[in-house]
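Architecture at a glance
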Amino acid sequence: MANENSTTNYKWVGKRTRRPDGVDKVTGRARYGDDMTVPGMLYGKILRSPHAHAKILSIDTSKANALKGVKAVLTSAEIPDHPLSQPPYAPIINDMHDISRNVMARDKVLYDGHAVAAVAATSERIARQALKLIDVEYEVLPHVLDPLEAAGRAAPILHEDQFTYSADGLSDKPSNLFRSITGQRGDLDQGFAEADIIVEREFTSEPVHQGYIEPLACIATASEDNCVELWTTTQGHFVIRALCAKLLNMDLAKVRVTASEIGGGFGGKNTVYGEPVAIRLSQMTGRPVRMVMTRTEVFRASGPTVGSRTRIKIGARKDGTITAADAETWYQAGAFKGAPVGRAAETFFSSYTIKNARAVVHDVCVNRPKVAAYRAPGAPMAAYAAEGAINELASRLAMDPVDIRIKNAVREGDESLMGTKYGQIGLLDVLEKVKSHDHYSAPLGNNQGRGFALGYWMHGGGLSSVSAHLLDDGTVTVATGNPDIGGSRSSMRVMAAEELGVDIELIKPIVADTGSMGYSHLTAGSRTTFATGMAVIFAVREIIEKLRALAAKKWRLTIDQVTWEAGQAVASSSSRGGIQSLSLKELAAMATKMGGAIAGHSEINAGGAGAAFSAQLVDVEIDPETGFVTPLRYTVVQDVGRAISPDYVEGQMQGGAVQGIGWALNEAYIYDDQARLQNTGFLDYRMPVASDVPMIDTVLVEVPNPNHPYGVRGVGEPCLVSAPAAVANAVENAIGQTMSSLPLSPPKILKRIDEAQAAGG
Amino acid sequence: MGTVTELKYESPETAQAVVALLSGVGPMARIFAGGTDLLVQMHEELIEPTLLIDIKGIPETREIDVTADEIRIGAAVTGAELGEHQELKSRWPGIVEAVELIGSYQVQGRATIGGNLCNASPAADSVPALIAAAAKVIIAGPNGTREVPAEEFSVGPGRTCLAAGEFVTSIVLPKQNQRSGDAYLRFIPRTEMDIAVVGAGACVSLNDDGTCASARLALGAVAPTAKRVAAATDILQGNRLDDGVLAALAKAANDACAPIDDKRGTIEFRTKVAGVLACRAVKIAWQRAENR
């Protein structure tokens, strides 16, 4: 674990400290979504469609209603409808029309597992029995799972009211293709004409689930005066509040959402599933309703990320200069529009200065669960194709794969295909670090191969609120509105202690509910340590201002005659004869007697999060008789800006690599011929287990982000972007054959080896 | 107004009491040993029994009884217990390895060898190893006790030869030759926490001159039940492990396969890998016999 370029001026930033959530987590005391109970609560359960695509002809709930212990049965009639959103469309669409239909199917079911009815009963067993007593009459319709097929003319149409949107307006006929995003610059024809060599490939990837270990769970308590309290496992309780209030036509102030401890999210807990249903059942029964999804329900009905079908063409001169690049990809959005197409177009070629380039990304509906965000949404599958093509380009030019990237790398001032201008970035530093790493030149054995790929991600900033309170014993609470997924409490505490100049153990970080804080956007987009961290710094600086004022009042000085140094207010020597100081603890004790409690708060819309790059090296060994892949060695080199808490930063980088290994090698949804999902658990949805992965080495390259007081960049996403491409490249290298369809499962690899042997290669 | 039926639990102390409960309730009663398959199936609502009969209170289901002639393993002995039994491990390492592949460490503390057999999955890890070992299954029922060879116990996916009122009390491993060894290998796309795409169990005995005295090979997950590859015995007997014998063995394993395409593997892949694992398992069993 190298921790390069770390400055030593900081007292807490960059240090490995005891984690504030550790004790509760190792003792099992931490309360996750499923750990909450409320007196008098009912058990909510959802009936789900066994069909991938069908009209709902009728729903008879009378028998379920008659079962002893059943308190309410709900269908879409109990969920308010909303009009379809109209163009022009935002880059990320939260269409209440779609959300209403996703939480409870209205006239059609659109995927196996789509919710069609719900019950609330006095026990889970009764609730489950009641579901069996609901009679739903379906008219089964033809289904479509593949995005290319779905975009074709002959495909069954999911939404009769969806038309393809383009600059020319809407299409004449309904279509599963919602829209296409294009990023473009230069002249492609000219670019390819300048090329000495052109690589053309097709790549496919399958939808993969975030695989968070904690299933979705919530408890809603509605009251007669139209207020609601909601406990839920989420990446953003303010967003859950907004979606529930909007969907159910409630006042924001009357919906109070508390985020439970969260057992992973990776983007998958950014939206609502059971929450609005639990609220409605609670309103109907007058009792709290708890709604916990099983793992099967999570797989069938919550969003994975998109699968993709990509065509790519890249041309270069003999010296490795890429002259043109063109990609077109079909992303399947699932049952409702909203594949991360903009981010995909952004990602394809954004690490490289290619004069002539185009990326076209199609957003296509298919009969699968609606996609949700998943760690760098839309980017890993784009990088899989782009990096795969560039690796082949390097191989055919007999060029070092890192050198070809150095030759074409973007620098400060360059622009991405979608027009993002790069500030201070660490791409070249990362690439140089890869070349000098001993992994890069380590020898390989028989049946072994090495892969390399680069990942890019443009991070998010956005709205964050922080409320910090100095208590009269000198301790400090720092409340944020961001659920702690990746160690944000630790980072907030480090930044608060650094600013205040006091011991870290004096700071208590808290995740506060929506009733206690200003709006805070999701813990997503790698934004929290950057944006919410900045708000922490500003809130604490406000406390310091107030403490300087308090000391000045005590000493009868002006505030500019008092400075804050190492956790103390200090009177400047010119203003008084001797050196005077007051510690945080002394000031805290004085505060309530001299004007009132001291607090600082900050509500910001943070910009300038900036880009980061992650390069990955991976060695694998293939069993040529079975196609089994053993990842042997893995190194992640990433520009992290400044690692506030290095343990967590390394953990993020390792976690991204592990998810990428699963994505590349085994994870896929398996459907039968009726499009019913066959692998609804971790047994057959094959995420890696601990013994499947090697130790993941990390190299932290610290090129500070100038837009954050400590130089923070997001770290959670770039590390996944490059991972599937790197692992796939290693497999190709080990077997000496190209492979273009994830996951690279043993049957596929064995078949490719056998085909190559049969062909005499 | 409808109501929901209750689930009952009994924990008898004799086999006779179990048989009486089974005979009284019928198919809505289920035998409960480790519960690692049963509770999962109940949770997934694949089965909805009204009575669970816990057999762990019956001493003979919980014991490993070693004599000079044979080893008797109680049906409710767990994987973790088998893995701690030094005598069993040294005599039948393949069987112990097979059972230890089932589930996680936590599951190993609960999962039983009898349960793995009675769940009757074609992919059950212990079963090819038991078939290769020529193990016998001891069954208690309304007409007393009977025994069935391991390869005849399962009659199809999820189905066994158990008649109404019958349950498995123990498994008996036969007396071994002086120079013999066994092995079990499985293929999964991961390293743990998965179900065999192909399994291969082998048991080999050697003559003093180093040739094969007798051998048994069984495959899992390539047919509706785990099955013995009878041809493998003829191929190995009297021979040494040379390339020709291994090629014939792989072909015999390929020919014995009648797999399906499913979420865990394709027909083509399973058939090919069955040959690969058969040869690898026989090699390990052979090596162990040589080292005896």
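Residues numbered from 1 in each chain as written. Chains lettered and ligands numbered in written order. Predicted model: local features only at pLDDT ≥ 70, side-chain atom pairs only at ≥ 80, totals over all residues. Heavy atoms only, no water.

1. Observations concerning the pattern of salt bridges
Residue and element names in this part refer to chain A. One pass over the structure, following the stated rule, counts 64 salt bridges over all chains. The shortest N-O distance in the salt bridge between K337 and D95 comes to 2.9 Å. Separated by 242 residues along the polypeptide, K337 in the loop between strand 17 (322–334) and helix 10 (341–347) and D95 in the loop between strand 4 (70–74) and helix 3 (96–103) bring together distant segments of the chain. The buried category is assigned to K337, whose relative accessible area is 5%. (Salt bridge = Lys/Arg side-chain N within 4 Å of Asp/Glu carboxyl O. Helix = DSSP H or I, 4+ residues; strand = E, 2+ residues; numbered from the N terminus. Buried < 20%, exposed > 50% of the residue type's maximum accessible area, 1.4 Å probe, protein only.)

2. Regarding the side chain of A:S100
Residues and elements named next belong to chain A. Structurally, S100 can be placed in helix 3. Using a relative accessible area of 0% as the deciding quantity, one classes S100 as buried. A distance of 3.1 Å separates a polar atom in the side chain of S100 from a polar atom in the side chain of R106. When near neighbours in sequence (up to four residues on either side) are disregarded, S100 contacts I79, P80, D81, R106 and L247. (Polar contact = N/O pair within 3.5 Å; in protein donor to acceptor, adjacent residues only side chain to side chain. Contact = heavy atoms within 4.5 Å.)

3. Concerning the domain arrangement of chain B
Parsing chain B into structural domains produces domain 1 (8–54), domain 2 (59–173) and domain 3 (180–291). Each of domain 1 of chain B and domain 3 of chain B has a C-alpha centre, and the two are 35 Å apart. (Domains from an automatic or database assignment.)

4. Describing the packing of aromatic side chains
All names here are of chain A. Taken as a whole and assessed by the stated rule, the structure comprises 18 aromatic pairs over all chains. Between the aromatic rings of Y669 and Y671, the centroid separation amounts to 6.4 Å while the plane-to-plane angle is 35°, which identifies the pairing as tilted. Considered together, Y669 and Y671 belong to a single accessibility category, that of buried residues. Taken together, the ring pairs in this structure connect F299, Y669, Y671, F682 and Y685 into an aromatic cluster. The side chain of K337 reaches across the aromatic face of F178, ending 5.5 Å from its centre. (Phe/Tyr/Trp six-rings, centres within 6.5 Å; stacked < 30°, edge-to-face > 60°. Lys NZ or Arg CZ within 6 Å of the ring centre and 35° of its normal.)

5. Structural notes on the domain arrangement of chain A
Residues and elements named next belong to chain A. Taken as a whole, chain A is organised into domain 1 (40–141 + 214–263 + 269–301), domain 2 (308–459 + 610–758) and domain 3 (462–606). Each of domain 1 and domain 3 has a C-alpha centre, and the two are 40 Å apart. With 15 residues of domain 1 at the interface, the matching set in domain 3 holds 20 residues. Note that R489 and E261 form a salt bridge whose closest N and O atoms lie 2.6 Å from each other. At the junction of domain 1 with domain 3, the criterion picks out six residue pairs in polar contact (both at pLDDT 80 or more). For the side of domain 1 that touches domain 3, the elements supplying multiple residues, two or more each, are helix 7 (237–247) and strand 14 (255–259).

6. Description of the nonpolar core
Residues and elements named next belong to chain A. In this structure, I312, F348, F349 and Y634 are the most contacted members of the largest nonpolar core, which totals 108 residues. Excluding anything up to four places from it in sequence, F349 contacts I312, I314, A325, D326, A327, I354, A357, R358, A359, A386 and L417. One finds A531, M534, A535 and V540 within the second-largest nonpolar core, a separate group that totals 50 residues. (Core = buried A, V, L, I, M, F, W, Y, C linked by side-chain atoms within 4.5 Å.)

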